[in-house]
Amino acid sequence: MSERTGRDRRERIVVALGGNAIQRAHDHGTWAEAVRQVRRTARVLASLVGPARELIVTHGNGPQVGSLLREAELGAAEVPVPPMHVLDAETEGQLGYLIAGELEAALRRRGRPRTVLPIISRTEVSAADPAFRRPTKPVGRFYTAEEAQRRQRDAGWVMREDRARGGWRRLVPSPRPRRWLEGPAVRRILDAGLGDRCLFIVAGGGGIPVVRRGDGWVGVDAVIDKDRGAALVADALGAETLVVVTDVPGAAVGFRTARPRWLGKVPRAELARLARRGEFEEGSMGPKVEAGLTFLTGPRRRFAITDLGSLPKALAGRAGTRVWPRSAGPRARRARPK
Ligand code: ADP
Ligand code: MG
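Residues numbered from 1 in each chain as written. Chains lettered and ligands numbered in written order. Predicted model: local features only at pLDDT ≥ 70, side-chain atom pairs only at ≥ 80, totals over all residues. Heavy atoms only, no water.

**Examining the packing of helix H6 (residues 226-236) against helix H8 (residues 285-295)**
Threshold: For every element, the axis is a line fit to its C-alpha atoms; helices are fit only across the contacting stretch, and the angle between N-to-C directions ranges from 0 to 180 degrees. Starting at the N terminus, helices and strands are each numbered in turn, a helix being any DSSP run of H or I of at least four residues and a strand any DSSP run of E of at least two. Here the angle decides the label: under 35 degrees means roughly parallel, over 145 means roughly antiparallel, 65 to 115 means roughly perpendicular, and every other value means oblique. Crossing chirality is assigned from the near helix's rotation relative to the far helix, an anticlockwise turn below a right angle marking it left-handed and a clockwise turn marking it right-handed. In this analysis, two residues are considered to be in contact whenever any of their non-hydrogen atoms come within 4.5 Å of each other.
Where H6 contacts H8, the two axes come as close as 8 Å, and the packing angle between them is 20°. In terms of orientation, H6 lies roughly parallel with respect to H8. In this structure, H6 crosses over H8, and the sense of that crossing is right-handed. Of the residues in H8, those touching H6 at Lys226, Asp227, Arg228, Ala231, Ala234 and Asp235 are Pro287, Lys288, Glu290, Ala291, Thr294 and Phe295.

**A closer look at H6**
Quick note on the threshold: Whether a residue is buried, partly exposed or exposed follows from its accessible area with a 1.4 Å probe, protein chains only, as a fraction of its type maximum: under 20%, in between, or over 50%, in that order. Nitrogen and oxygen atoms within 3.5 Å of one another constitute a polar contact, given that in protein one can donate a hydrogen and the other can accept it, and given that sequence-neighbouring residues count only through two side-chain atoms.
Most of H6 is tucked away: 10 of the 11 residues are buried. The opening residue of H6, the one whose side-chain oxygen lies 2.9 Å from the backbone nitrogen of Asp227, is Asp225. Looking one or two residues past H6, Gly238 carries a phi angle of roughly 65°, positive in sign.

**A short note on the site of ligand 1**
This is how the line gets drawn: Think of it this way: one heavy atom of a residue within 4 Å of a molecule or strand is enough to make that residue near it. In short, Shrake-Rupley with a 1.4 Å probe defines the accessible areas, and a residue's cover is counted only from the protein chains shown. Under the convention adopted here, Pro, Cys and the residues Ala, Val, Leu, Ile, Met, Phe, Trp and Tyr are nonpolar, Asp, Glu, Lys and Arg are charged, and Gly plus all remaining residues are polar.
Around ligand 1, the surrounding shell holds 18 residues, and the nearest of these are Lys226, Thr246, Asp247, Ala252 and Lys288. With respect to ligand 1, the backbone of Ala252 contributes an N or O atom lying 2.8 Å from a nitrogen atom. One of the side-chain N or O atoms of Lys288 is found 2.5 Å from an oxygen atom in ligand 1. Expressed as a share of its isolated accessible area of 570 Å², the protein-covered part of ligand 1 is 82%. Of the residues contributing to the shell around ligand 1, the split by class is 7 nonpolar, 6 polar and 5 charged.

**What to know about helix H2 (residues 62-75)**
To keep it simple, the criterion reads: Here the expected length of a helix is defined as 1.5 Å per residue gap, with one fewer gap than residues.
Taking 1.5 Å as the rise per residue, H2 with 14 residues should run 20 Å; its terminal C-alpha atoms sit 20 Å apart, in good agreement. If you check which residues of H2 are buried, you get Gln64, Val65, Gly66, Leu68, Leu69, Ala72 and Glu73. Looking at the buried side of H2, the elements it contacts are helix H3 (84-109), strand S5 (137-143), helix H4 (145-155) and strand S7 (167-172).

**A few points about the pattern of salt bridges**
For clarity, the threshold we go by: Between Lys or Arg on one side and Asp or Glu on the other, a salt bridge is scored when a side-chain nitrogen of the former is within 4 Å of a carboxyl oxygen of the latter.
Per the stated rule, a full pass over the model turns up 26 salt bridges. In this structure, Glu73 and Arg151 form a salt bridge, with 3.3 Å as the shortest nitrogen-oxygen distance. Here Arg151 lies in helix H4 and Glu73 lies in helix H2, a separation of 78 residues in the sequence. Taken as a pair, Glu73 and Arg151 share a single burial class, namely buried. Arg122 is paired through a salt bridge with Glu182; the nearest N and O atoms lie 2.9 Å apart. Highlighted residues: Arg122 in strand S4 (residues 122-124) and Glu182 in the loop between strand S8 (179-180) and helix H5 (183-191), separated in sequence by 60 residues. Linked through salt bridges whose partners overlap, the residues forming this network are Arg10, Arg12, Glu54, Arg187 and Asp191.

**What to know about the packing of aromatic side chains**
How we decide: Classification of ring pairs rests on two measures: the distance between centres of Phe, Tyr or Trp rings, Trp counted by its six-membered ring, which must be within 6.5 Å, and the angle between planes, read as stacked under 30 degrees, edge-to-face over 60 and tilted in between. Charge over a ring is defined by NZ of Lys or CZ of Arg lying within 6 Å of the ring centre and within 35 degrees of the ring normal.
One pass over the full model with this rule turns up 3 aromatic pairs. Ring geometry for Trp31 and Tyr97: centres 6.0 Å apart, planes at 15°, overall stacked. Taken together, the residues span a long stretch of sequence, with Trp31 in helix H1 (residues 31-48) and Tyr97 in helix H3 at a distance of 66 residues. Over the face of the ring belonging to Trp157 we find Arg170, whose NZ or CZ atom lies 4.3 Å from the ring centre.

**Things to note about the pairing of strand S9 (residues 198-201)**
Each regular strand shows side chains that alternate between the opposite faces of the sheet. Where we set the bar: Two strands pair if DSSP finds at least two bridges between them.
Of the two faces of S9, the one lined by Cys198 and Phe200 and the one lined by Leu199 and Ile201 are each fully buried. Here strand S3 (residues 115-118) runs beside S9; their pairing, made up of 4 bridges, is parallel. Among the inter-strand pairings, Pro118 is bridged to a residue of S9, identified as Ile201.

**Description of the environment of Arg53**
Mapped onto the fold, Arg53 is located in strand S2 (residues 53-59). Overall, the relative accessible area of 22% leaves Arg53 in the partly exposed class. In the structure, Arg53 is positioned 142 residues away from Gly195 in sequence and 9.0 Å away in space, judged by C-alpha atoms. If near-sequence neighbours (up to four positions away) are discounted, Arg53 is found in contact with Arg10, Glu11, Ile13, Leu48 and Leu315.

**Some thoughts on the side chain of Gln64**
Examined against the element boundaries, Gln64 turns out to sit in helix H2. The contact partners of Gln64, leaving out residues within four places of it in the chain, are Ile22, Gln23, Thr91, Gln94 and Leu95.

**Notes on the sheet that holds S8**
Paired through their backbone hydrogen bonds, the strands of a sheet run either parallel or antiparallel. The 4 strands lie next to each other as S8-S4-S10-S11, forming an open sheet whose pairing is mixed. Of all strands in the sheet, those bounded by a partner on one side alone are S8 and strand S11 (216-219). Here strand S10 (residues 208-213) pairs with S11 via 4 bridges, running antiparallel. The residue bridging Val210 from the neighbouring strand is Gly219, located in S11. Against the sheet, H3 contacts S10 and S11, and its axis sits at roughly 130° relative to S10.

Written as structure tokens, this is what we have:
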């Protein structure tokens with residue numbers, strides 16, 4: 001979209017939280033675990049907010065949607081199973097509620113109180129997206145071959161075997177996000193300078209996938225990649241900086257080899273070349289790098305991939321895999337007043 005104009009000189013940073021910021025791999029998925037983990041995350045996020053910086057948070061929802069799907073499946077004899085886009089909305093509510101509460105408390109402790117506003121977000125996808133003809137994203141639990149066959153037959157699910165992990169999983173389409181519907185409204189609020197009073201949590205799980213129908217929108221059974229969603233959010237808000245927070249310190253070259261090389265500061269063209277070479281796996285690091293490359297097509301922008309502990313350093317340009325042009329960011333903007 002466009003850069004911001006006007007008098008607001010705060011650096012606008014979109015932080016995309018990976019699953020690990022909410023629930024760790026070996027967690028059982030209890031509420032208490034999620035609270036503990038999000039509290040840690042909130043502490044770090046709160047330390048970044050200040051007069052010169054404005055944060056917008058977006059987050060994944062994979063494990064949470066998986067749990068809701070399973071819950072629905074187990075309860076199906078008594079309670080109708082909701083469509084997947086409704087489960088997406090539920091996770092935005094559940095995680096928005098959790099992150100908002102912890103972040104508000106952490107900000108208050110830092111002496112930078114903000115009202116944290118989770119926005120139930122919808123993301124437009126195209127009904128003609130080729131992804132609908134070729135589902136690729138595994139969701140939910142593992143099934144035996146017989147169960148998988150039955151679901152393929154009775155519910156029309158697309159199933160794929162995951163040999164390494166011993167089971168079959170349902171695949172759903174992962175269409176490209178085209179537009180974040182609530183984006184312009186959130187942007188107007190922030191551009192009006194209200195970022196010193198409120199902090200938004202947006203497009204959880206990449207947003208609820210919707211397609212145009214008549215005067216409105218209808219949800220579709222699909223999942224949006226949260227990293228692609230984050231690039232869309234950062235662009236829609238005219239952010240200077242997009243940071244993807246995950247469970248590794250950055251992107252590596254030769255990731256599955258004995259000696260992976262972690263990338264630090266890297267030029268955009270080099271990152272693009274490594275992506276084309278297939279260094280970043282599909283469905284995990286690939287979409288993060290893709291999100292960065294998409295975001296970086298705008299002028300004077302910065303992008304980083306980091307883990308939570310290194311996030312403050314990454315934002316200072318001293319950690320993480322980062323495309324960090326010196327001519328980018330808020331200082332450059334100050335040097336070139338409009
Ligand atoms: P998130 O929930 O943060 O989106 P993902 O599991 O989707 O987490 O992505 C992070 C994972 O990507 C890492 O844990 C790592 O296993 C995997 N990965 C794949 N390729 C690479 C790479 N080239 N460099 C670093 N990590 C990689
Ligand atoms: Mg991921």
